[in-house]
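# Topology and contacts: notes
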Amino acid sequence: RAEAGPIDVAYIVSGLQPYTEYIVTLTAYTEGGESERSEEVLVRTLSGVPPTPSSVTAEGEAPDSIKVAWQAPVETNGGLSGFRIYYRVVGSTDKSQAEIGPDEMMYSIGGLQPATDYVVTLSAHADGGESDRTQEIVVRTLSSAPSTPLSVTAEGEAPDTVIVTWQPPTETNG
């Protein structure tokens, strides 16, 4: 119950829950008594910022991918639009992100470098805004085979010996 002054024609009701329906009615009163209630008006508050996802895990899935899993917030403060995964190579400022739908709770980030450490964070987003990001998780992609050795040569040195030389692989991949 709230009270407005005799000349007021508007009132702000605060302290309500995000994305929740409320029924509003009004009465007027004087020393002589109180009027009948107005017709009920149904109103919904706007969406709020969703809480941060929880139970986030990340693990190397393959030499070029990381699997990220999480739990969605129970209370979303409105319609959840989806999730954002932010990731970058440790020590790099180049950031990438992936957009995931609201019903997904697992995602594989592909196109990554083998045997490389990545920093991963996650947030939820809705019409009301984006949640805080989760704590950073450092995760390493799996190793893969190195690239082929280069400039391989072989030269006879003795009747029972050859010398083989090469340039090391340009990509060790782990």
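Description of the structure in this document. Computed from a predicted structure; not experimentally measured. Counting from 1, residues in each chain are numbered in the order their sequence is written. In keeping with the model being predicted, local features are shown solely for residues with a pLDDT of at least 70 and side-chain atom pairs are shown and tallied solely at 80 or more, while totals for entire chains, interfaces and linings include all residues. Hydrogens and water are ignored here; the side-chain numbers use all heavy atoms of the structure.

Bringing the side chain of Thr116 into the picture now. Within the element layout of this structure, Thr116 appears in the loop between β9 (106-109) and β10 (117-126). Among the residues examined, Thr116 registers a relative accessible area of 16% and is labelled buried. A polar contact of 3.3 Å, which involves the side chain of Thr116, links it to the backbone oxygen of Gln113. Reaching out from Thr116, the side chain makes a polar contact with the backbone oxygen of Pro114 at a distance of 2.8 Å. Numbering goes from the N terminus for both helices and strands, where a helix is a DSSP run of H or I of at least four residues and a strand is a run of E of at least two. Exposure classes here rest on a 1.4 Å probe applied to the protein chains alone. A residue is buried below 20% of its type maximum, exposed above 50%, and partly exposed in between. Throughout this description, a polar contact denotes any pair of N or O atoms lying within 3.5 Å of each other; where both atoms belong to protein, one of them has to be capable of donating a hydrogen while the other can accept it, and for residues adjacent in sequence the pair is counted only when both atoms sit in side chains.

Across the sheet, which stays open at both edges, the 3 strands sit in the order β5-β6-β9 with antiparallel pairing between neighbours. A single partner strand is all that each edge strand has here, and the edge strands are β5 (54-62) and β9. Adjacent strand axes in the sheet meet at a mean angle of 20°, parallel and antiparallel pairs treated alike. One requirement defines pairing of two strands: DSSP has to find at least two bridges between them. Inspection of the sheet shows β5 paired to strand β6 (residues 65-71) by 6 bridges, in the antiparallel sense. Looking across to β6, one finds that Gly60 is bridged to Ile66. Between the N-to-C directions of two axes lies an angle of 0 to 180 degrees, each axis being a line fitted to C-alpha atoms and, for a helix, fitted only over the stretch in contact.

Looking now at the environment of Pro168. Checked against the element boundaries, Pro168 lands in the segment after β14 (161-167). Once the C-alpha coordinates of Pro168 and Pro146 are considered, the two residues, 22 residues apart in sequence, prove to be 9.6 Å apart.

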